[in-house]
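# Descriptive analysis of the structure
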Amino acid sequence: MKMNKILAAMAATAISATAFAAMSISSASAADEIAKAYFIGSVGSASNWNEGDNSDVSVTSIDGDAQYQATWDFSEATNTGTGGDWFLAVVITPDDTSSNFTTDTYPDLKVTLDEVYVDGNLITGYDASNAVNTAYYEKTPGVTRIYVNSSWADGKTLLFDNQDVESQIKVVFTVSGLGVEGTSNVTTDTEDTTEGSTDSTTTTTTAGSSDDSSTTTTTAASGDSSTTTTTAKDSSKKDSKTTTKAADGTVASASTGDLGAGAAVTALAVAGVAAFVARKKD
């Protein structure tokens, strides 16, 4: 009876330690929101000028130095228009933590335009030298703007024009100089169809944040199966799997890294207890 109590206590301690570690990792990687980014302007008959005006316009949380994306989805095909007939920009507005999101509040702030996509197609060949304004003041608060088309303004920017849009416009940008690590929300979707097969696969790669890793999930079109692979951005870091076989022949496995490491600890502890009990019974 005394030995059973000791074994139960060992198992409980291992599980509690893993839960504590998981909570610590979660809280350590979570950052406070500093600002929000979303599209403003008009495309065809659709428009968005304030956060939440148009539910098809994403609102991206900015919580530190990282790469981010802002998207505008369209339920119907449209055309942007030409020149001054349309205006489009990504605005980054401060959260409650500061009065402005400009270089006046964050002297080291830098925002760079990385990529622009229309319906998943990368737009190239534009001049983005005047695309970013990190100290725009029209009314309170001061904001940062990333222009897609400001052809009516001084130092005009026009990344594309008279463009047919079927489903989405996406801008990818990098924020730095805030002094805290942020959480990227950038995703890249590619579709791969094998000739002679009715099934296709969709691969989604999500950039990691503080763990310097990316997660790639491949799902069959039929939904029958999926494979998830986590790869460290640093090529010297390789994902691994810990497999523990208990005395009764069952196998417990867990990938290493953050929560995977915690799960591995639990698997090892529980398997060890199971093996000890098996030996005692023998």
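Everything below is about the structure shown above.
Throughout this document, residue positions are counted from 1 along each chain, in the order its sequence is written. Since the coordinates come from a predicted model, pLDDT governs what is reported: local features require at least 70, and pairs of side-chain atoms require 80 or more to be given and counted, while whole-chain, interface and lining totals use all residues. Excluded from the side-chain calculations are hydrogens and water; all other atoms, namely the structure's heavy atoms, are used.

### A few points about the sheet that holds strand β7 (residues 110-118)
Within the open sheet, the 4 strands sit side by side as β4-β12-β7-β8. Their pairing is antiparallel. Two strands lie at the open edges of the sheet, namely β4 (66-73) and β8 (121-122), each paired on one side alone. Here, a strand pair is defined by DSSP locating no fewer than two bridges between the strands. Helix and strand assignments come from DSSP, with helices taken as H or I runs of at least 4 residues and strands as E runs of at least 2, each series counted from the N terminus.

### Some remarks on unusual backbone geometry
In this structure, the amide linkage connecting Thr 140 to the following residue, Pro 141, adopts the cis form with an omega of 0 degrees. With respect to the helices and strands, Pro 141 occurs in the loop between β9 (132-136) and β10 (143-149). Positive phi outside glycine occurs at Asp 119, with the angle close to 55 degrees. In this fold, Asp 119 is placed in the loop between β7 and β8.

### Re the packing of aromatic side chains
Pairing of aromatic rings covers Phe, Tyr and Trp, the last through its six-membered ring, and needs centres within 6.5 Å; plane angles under 30 degrees mean stacked, over 60 mean edge-to-face, and all others mean tilted. By the definition in use, this model includes 7 aromatic pairs. Consider the rings of Trp 49 and Phe 87, whose centres lie 6.0 Å apart with planes at 5 degrees: the pair is stacked. Of this pair, Trp 49 sits in the loop between β2 (46-48) and β3 (60-62) while Phe 87 sits in strand β6 (residues 87-94); the two residues are 38 residues apart in sequence, bridging distant segments of the chain. Residue burial is assigned from relative accessible area. The probe radius is 1.4 Å, only protein chains are included, and a residue is buried under 20% of its type maximum, exposed over 50%, and partly exposed in between. Given the relative accessible area of 45%, Trp 49 is considered partly exposed. On the accessibility criterion, Phe 87 (8% relative accessible area) is buried. Seen in terms of ring centroids, Phe 87 and Tyr 147 are 6.2 Å apart; in terms of plane orientation they differ by 65 degrees. Their pairing is edge-to-face. Of this pair, Phe 87 sits in strand β6 while Tyr 147 sits in strand β10, placing them 60 residues apart in sequence. An aromatic cluster of three or more residues is present, and its members are Phe 39, Trp 72 and Phe 74.

### A look at the pairing of strand β12 (residues 168-176)
Here β4 runs beside β12; their pairing, made up of 8 bridges, is antiparallel. For Tyr 68, the partnering residue across the bridge sits in β12 and is Phe 173.

### Considering the side chain of Gln 69
Topologically, Gln 69 is positioned in strand β4. Engagement of the side chain of Gln 69 in a polar contact is seen with the backbone nitrogen of Thr 187, the distance being 3.1 Å. Contacts were defined at the residue level, with two residues in contact if any of their heavy atoms lie within 4.5 Å. What Gln 69 contacts, discounting residues up to four positions off in sequence, is Thr 60, Lys 170, Val 171, Val 172, Phe 173, Asn 185, Val 186 and Thr 187. As used in this structure description, the phrase polar contact means that two N or O atoms lie within 3.5 Å; if the pair is within protein, one of them must be able to donate a hydrogen and the other to accept it, and residues adjacent in sequence are counted only when both atoms belong to side chains.

### With respect to the nonpolar core
General note: in soluble globular proteins, nonpolar side chains tend to be found buried as a group. One finds Phe 39, Ile 92 and Phe 173 to be the most contacted residues of the largest nonpolar core, which totals 43 residues. Listed by contribution, the elements that provide at least two residues to this core are β1 (35-43), β4, β6, β7, β10 and β12. In contact with Phe 39, not counting residues within four places along its chain, are Asn 48, Val 57, Ala 70, Thr 71, Trp 72, Leu 88, Ala 89, Val 90, Val 148, Ile 169 and Val 171. Nine residue types can take part in a nonpolar core, namely buried Ala, Val, Leu, Ile, Met, Phe, Trp, Tyr and Cys, and a core is a set of them joined through side-chain atoms within 4.5 Å.

### Observations concerning the side chain of Thr 60
Take Thr 60: it is sitting in strand β3. For Thr 60, a relative accessible area of 4% puts it in the buried group. A polar atom in the side chain of Thr 60 sits 2.6 Å from the backbone oxygen of Gln 69. Excluding its chain neighbours within four sequence positions, the residues that come into contact with Thr 60 are Ala 35, Lys 36, Ala 37, Tyr 68, Gln 69, Ala 70 and Asn 185.

### A word on the pattern of salt bridges
Each salt bridge in this description consists of a side-chain nitrogen of Lys or Arg and a carboxyl oxygen of Asp or Glu lying within 4 Å of one another. All told, the structure shown has 2 salt bridges when counted by the stated rule. Between Lys 36 and Glu 51 there is a salt bridge, with the nearest N and O atoms lying 3.2 Å from each other. Of this pair, Lys 36 sits in strand β1 while Glu 51 is found in the loop between β2 and β3, placing the two residues 15 residues apart along the sequence. The partly exposed category is assigned to Lys 36, whose relative accessible area is 21%. Across the salt bridge formed by Arg 145 and Glu 138, the nearest N and O atoms sit 3.7 Å from each other. Accessibility expressed as a relative area gives 58% for Glu 138, which makes it exposed.

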